[in-house]
Amino acid sequence: MKGRVSRSAVRRLVTGAAAVVLVTTACTTTDDAGPEGAAAPGPDITVTPGPGAASVAPNTPVRVEAAGGTITDVRVEQATADELAGADGEAGGDTGAAVEEPAFTGTLSEDGTRWQSDWNLAPGAAVSVYATAEDADGEETEVVAEFHTEGVAKDARLAVVSNFPQTGDTVGVGMPVVVAFDRPVENKVQVENSIEVTSEHEVEGAWNWVDDETAVFRPREYWKPHQKVSVDLRLTGVEAAEGVYGVDDDRIDFEIGRELISTMHVPDHELKVRVDGKAVRTIPVSNGKGQERFNTTTSGTHITMEKYAALVMDSATVGIPEGSPGHYRLDVDWAVRTSNSGEFTHAAPWNGNIGHANTSNGCTNMSVEDARWFHDKALMGDVLETTGTGRELEWDNGWGFYQRSWKEWLEHSETGEPQVTDGSGTPGGVHGEGL
């Protein structure tokens, strides 16, 4: 990011049965008066939080200002105990080794006199800020300022409980990034701005929230195929709710595979598959009979979610229990999920209307051969665009996120601004308001 001047890894160290903070030197500055009371040469440097400060909120920005010169270097180091001693006095399962974390960066003002950290601080950390500035005569000042951040109890720590995709996955061009937290997030702006998505082919994207615990990133349009994408979750120190802080960073690295887009106009009884723009297969199908809402195939942009070689399909899982009109329980093969309301593509050898009439319970029925082919080709994140029915896919039904127009998606983002995936950063700040 433009204006960043120094990068230094955050260090977390634990040894034996207790954490030992290794940064213990006293605060030093070089602004002492010279001989006969004359001021020492070089610019004056101010660091906030001030040296010796204790119980600093982790989402407080680090600021460095230089008077009479420009900042030439800023380095921030942190040391904290990530594992708390258990009731028996023994530490957790940490190996005692130092763990490299993402660089702690900052942004320098255009005139070079002010620097502010991009990210939050680790809770319960001893923080050392090393800053250097130089005046027009080449006189240099160096300072070291040390302070401590407030810790956070185990029951007040924000954690990620699941994410899609996961590191190592190869996915389709419609793939969203879905992050689920272990507790409700109130400060959604700061959390959105703490998660940066980077791709080899830059796009505009934004976050929406399915609920207070689930955030979703999607690009404005589908991803370009055959590229790598990374998601940096810089959650350390972010205040998700009052008194609730993140204590860990994480990273997801996945790959966008080939472009597989299927289209299906339900009255035509066929599904057309294109791979990287080339038509590869036309599959005869039978969709929902459409007599009731529950057996009407939804129209809209579906994103494939998961697949099964064999699956028991029970309508009780979508609100139609045994004994109710429309209940069914079927053993099916080669199933690919396209929504959370019970829609799959799957083999249906019992359906004699495939390619001729829509007589299913809402799923897309195929021959065994075609269903297996589609199952084997499908990746999580592939696209199925369906038209021609009277039931519209809800934006939050499965991964129907493209049901919201880009304008609507951006309006529902807490930041209200797009995030460009070129590594230039997130739309806004991660620090607490007024800090």
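1. Quick notes on the pairing of strand β26 (residues 329-337)
Logical step 1: In this structure, strand β25 (residues 307-314) lies alongside β26, joined through seven bridges in antiparallel fashion. Counted as the bridge partner of L311 is V332 from β26.
Logical step 2: Where β26 meets strand β27 (residues 344-347), two bridges bridge the pair, whose relative direction is antiparallel. Following the sheet pairing, V336 is matched in β27 by T345.
Logical step 3: The hairpin turn running from β26 into β27, its antiparallel successor, is six residues long, and G342 in that turn takes a positive phi close to 95°.

2. Some details on the sheet that holds strand β28 (residues 364-366)
Logical step 1: Spatial ordering of the open sheet is given by β25-β26-β27-β28, a layout of four strands whose pairing is mixed. The open sheet has two edge strands, β25 and β28, and neither has a second partner. Ignoring strand direction, the axes of neighbouring strands in this sheet form an average angle of 40°.
Logical step 2: Of the strands in this sheet, β25, β26, β27 and β28 are in contact with helix α2 (residues 368-377), which crosses β26 at around 45°.

3. Points about the sheet that holds strand β9 (residues 140-148)
Logical step 1: Here we have three strands laid out as an open sheet, ordered β4-β8-β9, and antiparallel in their pairing. Bordering the open sheet on either side are β4 (70-80) and β9, each of which pairs with just one other strand. Within this sheet the neighbouring strands show an average axis-to-axis angle of 15°, counted without direction.
Logical step 2: Bridging between β4 and strand β8 (residues 125-134) involves ten bridges; their strand directions are antiparallel. Bridge assignment links R75 to a residue of β8, and that residue is Y130.

4. Let's talk about the nonpolar core
Logical step 1: Membership of the largest hydrophobic core comes to 43 residues, with the highest contact counts inside it found for F181, V191, I195, W207, V231, F254 and W399.
Logical step 2: Of all the elements in the fold, those that place two or more residues in this core are β13 (177-181), β14 (195-199), β15 (204-211), β16 (214-219), β17 (227-233), β18 (239-241), β20 (250-256) and α3 (406-411).
Logical step 3: The contact partners of V191, leaving out residues within four places of it in the chain, are F181, V185, W209, L235, V238 and A240.
Logical step 4: Judged by nonpolar contacts, the second largest core, of 24 residues, contains A122, A125, V129 and V430.

Cut-offs and rules
Residues numbered from 1 in each chain as written. Predicted model: local features only at pLDDT ≥ 70, side-chain atom pairs only at ≥ 80, totals over all residues. Heavy atoms only, no water. Pairing = 2+ DSSP bridges. Helix = DSSP H or I, 4+ residues; strand = E, 2+ residues; numbered from the N terminus. Axes fitted to C-alpha atoms, helices over the stretch in contact; angles between N-to-C directions. Contact = heavy atoms within 4.5 Å. Core = buried A, V, L, I, M, F, W, Y, C linked by side-chain atoms within 4.5 Å. Buried < 20%, exposed > 50% of the residue type's maximum accessible area, 1.4 Å probe, protein only.

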